[in-house]
Amino acid sequence: MEVDSVFVTDHSGRISSNPLLDQLPSYQSLLYRRKSSTVGSKQRGSSRARVGSSGSGKWGINTFVRLTVKQKSQTEKRHIRELAKPMAEKRKHKKQCAEDAQKLSSWQQWRQSTRKYLRRMRDESEEWLNSLKLWRGDIHLIEGMFGTGILSYFSFLRFLVTLNFFIFLLMFGFVMLPIIIAPHASGNITFSQNESYCSVYKSDSRRGLVNYHKYITDLLSGEGFLEQTYLFYGFYNVDKIHFSHITYNLALAYLLVTIGYLFLSLIWIVKRSAAGFKHNLIQDEDCFQSFCNKIFAGWDFCITSENAAKLKKKTLLYELKTDLEDEKIKQKIAERTHKEKCRLYFIRLILNLFVIGVLAACFYCIYLATIFSQKAQMNEQKVNFIVDLIYEYLPSIVITFANFITPVLFSFIINFEDYSPAFEIRFTLLRCVFMRLTSIVVLLFSVWSRITKCKDGPCICGYNHDLYPCWETHVGQEMYKLTIFDFIVIVSVTIFVEFPRKLLLRYSSSALAKWMSQQEFSIPQNVLEIVYGQTICWIGTFYCPLLPAICTLKYFFIFYIKKVSLIKNCRPATRPFRASSSNFFFLGVLLIGLTLACVPVIASIAQINCSQACGPFVNYNTSWGVVPATVYQLPEGVKKLLLALSSEAFAVSCFVLTCLAMFYVIALAGAHKRVINELRHQLEMEGRDRRFLIQKLCQAQKRSGVRSPQSKFQPRRSSSRSSPSYHTSFATNFSDAVFLAHAAPSASTQV
Amino acid sequence: MGNKQTTFTEEQLEAYQDCTFFTRKEILRLHARYRELAPHLVPLDYTNNPDIKVPMTLIITMPELKENPFRERIVETFSEDGQGNLSFNDFIDMFSALCEASPRELKTIYAFKIYDFNRDNFICKEDLEKTLNKLTKGELTPEEVTLVCDKAIEEADLDGDNKLSFADFENMISKAPDFLSNFHIRI
């Protein structure tokens, strides 16, 4: 190829690169990093024709030494272990640094040694902290067996366990602990009391002879003996606790802890997702699935088991084949005619309406089930133990049923909508996420519609105190039931569906068994499951302060159940879920769940009247009422400041400033993108310029090399005199091996 | 740590700690693993820096490397003689560069060396084809292989010379989301 005549093949057919290229500054700057490879190649001798490096002789080595001296000062800024040099050189470098350090002043020596000591300390403490991490060995095992995709699910689970544990610690430390230690620390508790029509609360505790199965019903539904315990909001009748020196306002603490745990979750999730988010913003969807990424970063170096390696190979193969198909599909999409496009959009519209209809139907079913369940609970006549339990759990059952059916339906429908494969996956997931999380909101909405509607006209107490003397406890019970049922479903599906499926597969070779072939560990569905559980936890903690502890235990057991099920039963999905994007996806869905969870909590704190018969907020109209009351009691200056911070003027100006900052950052990002494109174009041009120049140079060299044998017989003094510098400079710069003929002209000039 | 160990002098351990991403405990553990590969060859006492090299055939039997399609290339890259025989220095260098704490730049340099099969400091089409074949073990048809390699070069080549120089490779890797999470070996 004419363009690439820079890289000539010598007579043996091996590629030999031009010596000129080796002396380019850009190559030299990389040389110090790659010296080990040239060392290796030097010793390999004849098997490679690296004319340049082995033959550039004195000049090459001198430049190299000079450059290393210059770069040493640059590399000292980087730590020794980050240099790409073999160990022996690193140690020499270290000795050199130590010797140089002797020449420094004592202050700088002390600074260096402290820095080193601190770095060592930091490394050791990081290692110690890592060893404390929960389930380190198990996750390492899973990583080796199944790769990083599934690993991300399990590390997400571990994150949720830790998050729930900290929420529980918050609640326990600020709400429960003061109540527990009050009698021991001589604290005087003032109970919140209110003598009015609304504060009649007959507790539902059973008296007399009780059947054993009542206890089980109570345990599963949170009523009866569990109702008046630390578990539910109604127990916390405490208003203030007076210790010897301070007064602890428990009502305020309760409210602030609720807001606090929502903030803590938000900050923790955002911090965790920051890295993955940056990646996703920079690239668009195309680069995500780029071929380069699959070839160079596709193999998971952590895999240690043979099965996992085979699976990974299959997965990579599948991904590459899918990508090749995607290319074909993209072409097909680009070639769509107008008529086809219209038809497609029409079909998509119909199907989307159908999906919305299905969702609406599901929500309506949940609403009906909830209303029916509430009515059945209020009904004094108990039919049967099992039937009672079913009535109690009816909303949970309907939600779970809907959540099983809708993903299957959605993945069936999306086949007709003819999107690109990547978009298909995301859109289906989005629909499933929406379904799962909105069903909780619908449930709460239906409960609230019962709570705030009274039989004759508007409610006296602001809520239906006949049916729900303590409505927060009731909502807490519903959340408790949802959590318990979710856990039961996960455990039962694993035990009663997955294990028998595997046994069926192993012991029978019928067609049915093959059709139900070994199931795959579908990461998105599993993640949605645990995000659903976490959303319930976030909503329910205000009404059921011990719910985070229950969720911690629940996720703790789910980890082991899923791990055993994975190892024994499943094989990972052939449609891979990439580790990189999965982290972002998990945390994104979790963030959606958090946002959705904030809505009911904020609505109930600020809007709905709190119950007057139980809980710490009896003396106030709404739960939020405790904050203004406390603020008005603060000293004048602080009060003015807080009132100013919560005024509309401050909020509006904050909003305007945030908008301005956002516009600025967006403009900056746009400008950077333009600059990057320009630079890329420039880089390409520079590369072409360089090759063009080198090509010209090579041609000139060849021409002068062809001329020189003739000059041996006909000393052309004119030519040699006219351009001695030309010849001599090349003689010093290039290896004799390439320009053997040059000896002749210089000899001839001397003559 | 206060443990009496006779494998290395204190000075050697300090040097290793400074030059790698490992702590004392891990360095001693690595030495035990190294010795495990060839107990008759590798002495227990390394205080006088013996010049022992474990051959490649033994190193690629390690569980961490056994299933890796690039195991020979990795070992060759880190060996001083280019043949894949690793001294302990090379051994610990290899695992340090590929460990989780190692920075992206260092991993990029070594990844380039690993994927550069013919060691001409460019990843040309033949190198790419060899990489792809190692990954898929010949399951793709030759046309598909050519197509994939063409597309890969098209994506990553910035200066238009139909092969990947280190600058091209580095730029491409910086945008590859899976690189950091996949390109590390846990030992």
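Per an unreviewed UniProt entry, chain B is named Calcium and integrin-binding family member 2, and its organism is Oreochromis niloticus.

Under the annotation held in an unreviewed UniProt entry, chain A carries the name Transmembrane channel-like protein and is attributed to Oreochromis niloticus. Listed in UniProt under the heading Subcellular location (unreviewed entry), the comment for chain A reads: "Membrane".

Quick look at the overall build of chain B now. Secondary structure assignment for chain B yields 11 helices and 0 strands. Along chain B, from the amino end to the carboxyl end, the secondary structure elements read α-α-α-α-α-α-α-α-α-α-α. Expressed as lengths along the three principal axes of its C-alpha atoms, the size of chain B is roughly 60 × 30 × 25 Å. Considering chain B as a whole, with its 187 residues, one finds that 62% of them fall into the buried category. Residue pairs at least 24 apart in sequence account for 55% of intrachain contacts in chain B once pairs closer than 6 positions are excluded. Summed over all atoms, the accessible surface of chain B reaches about 7300 Å², with 50% contributed by carbon and sulfur. Charged side chains of chain B number 22 positive and 35 negative; the gap between the two group centres comes to 6 Å.

Residue and element names in this part refer to chain A. What UniProt calls "transmembrane region" (unreviewed entry) maps, in this numbering, to residues 159–181, 246–270, 349–373, 393–416, 428–448, 584–608 and 649–671. Between the end C-alpha atoms of residues 584–608 the distance is 36 Å, and the span holds 92% helix and 0% strand. End C-alpha to end C-alpha, residues 649–671 measures 33 Å, and it is 100% helix and 0% strand.

Where helix 6 (residues 87–103) of chain A meets helix 1 (residues 10–19) of chain B, the closest approach of the two axes is 10 Å, and the angle between their N-to-C directions is 100°. As the angle between them shows, helix 6 of chain A and helix 1 of chain B are arranged roughly perpendicular. Contact with helix 6 of chain A, carried on its side by A:Met87, A:Lys90, A:Arg91 and A:Lys94, involves B:Gln12, B:Ala15, B:Tyr16, B:Asp18 and B:Cys19 of helix 1 of chain B and no other residues of that element. Of the residues contributing to the contact of helix 6 of chain A with helix 1 of chain B, the split by class is 4 nonpolar, 1 polar and 4 charged.

This part covers the state of the cysteines. Residues and elements named next belong to chain A. Applying the stated rule across the entire model yields 1 disulfide over all chains. In this model Cys470 forms its disulfide with Cys614; the gap between the sulfur atoms is 1.7 Å. Around the S-S axis, the bridge from Cys470 to Cys614 shows a dihedral of about 100° and counts as right-handed. Highlighted residues: Cys470 in the loop between helix 18 (421–451) and helix 19 (471–507) and Cys614 in the loop between helix 23 (579–606) and helix 24 (626–632), separated in sequence by 144 residues.

What follows concerns the packing of aromatic side chains. Tallied over the entire structure, the rule returns 50 aromatic pairs over all chains. Among the aromatic side chains, those forming a connected cluster through ring pairs are A:Tyr230, A:Tyr233, A:Phe235, A:Tyr236, A:Tyr254, A:Trp471, A:Phe542, A:Tyr543 and A:Phe617. Lying across the ring of B:Phe122, B:Lys163 places its NZ or CZ 5.6 Å from the centre.

Our focus in this paragraph is the environment of B:Asp116. All names here are of chain B. Within the secondary structure layout, Asp116 lies in the loop between helix 7 (104–115) and helix 8 (125–136). Given a relative accessible area of 3%, Asp116 falls into the buried group. Here the alpha-carbon distance between Asp116 and Pro50, two residues 66 residues apart in the chain, equals 31 Å. Residues contacting Asp116, with those up to four places away along its chain left out, are Arg73, Asn121, Phe122, Ile123 and Asp127.

A few words on the interface of chain A and chain B. Each partner contributes to the interface: chain A provides 71 residues, whereas chain B provides 77 residues. Each partner contributes to the roughly 7000 Å² buried at the junction of chain A and chain B, and carbon and sulfur atoms together form 59% of this total. When residues of chain A are sorted by the area they lose upon contact with chain B, A:Met87, A:Phe296 and A:Phe301 head the list and together hold 13% of the total. Where chain A touches chain B, the interface holds 5 salt bridges. A salt bridge links A:Arg120 to B:Asp18, with the shortest nitrogen-to-oxygen separation between them at 3.3 Å. Run the count over chain A and chain B and you get 12 residue pairs in polar contact (both at pLDDT 80 or more). Considering every element that reaches the side of chain A that touches chain B, the biggest residue donor is helix 14 (residues 306–334) of chain A, with 9 residues. Residue classes in the side of chain A that touches chain B are distributed as 26 nonpolar, 16 polar and 29 charged.

About the cut-offs
Residues numbered from 1 in each chain as written. Chains lettered and ligands numbered in written order. Predicted model: local features only at pLDDT ≥ 70, side-chain atom pairs only at ≥ 80, totals over all residues. Heavy atoms only, no water. UniProt positions renumbered as here; feature names shortened; annotations may be inferred. Helix = DSSP H or I, 4+ residues; strand = E, 2+ residues; numbered from the N terminus. Buried < 20%, exposed > 50% of the residue type's maximum accessible area, 1.4 Å probe, protein only. Contact = heavy atoms within 4.5 Å. Areas by Shrake-Rupley, 256 points an atom, 1.4 Å probe, with all protein chains shown as cover. Lys, Arg positive; Asp, Glu negative; His and termini not counted. Charge placed at Lys NZ, Arg CZ, Asp CG, Glu CD. Axes fitted to C-alpha atoms, helices over the stretch in contact; angles between N-to-C directions. Parallel < 35°, antiparallel > 145°, perpendicular 65-115°, else oblique. Nonpolar A, V, L, I, M, F, W, Y, C, P; charged D, E, K, R; others polar. Disulfide = S-S within 2.5 Å. Phe/Tyr/Trp six-rings, centres within 6.5 Å; stacked < 30°, edge-to-face > 60°. Lys NZ or Arg CZ within 6 Å of the ring centre and 35° of its normal. Buried area = accessible area lost by both parts, 1.4 Å probe. Salt bridge = Lys/Arg side-chain N within 4 Å of Asp/Glu carboxyl O. Polar contact = N/O pair within 3.5 Å; in protein donor to acceptor, adjacent residues only side chain to side chain.

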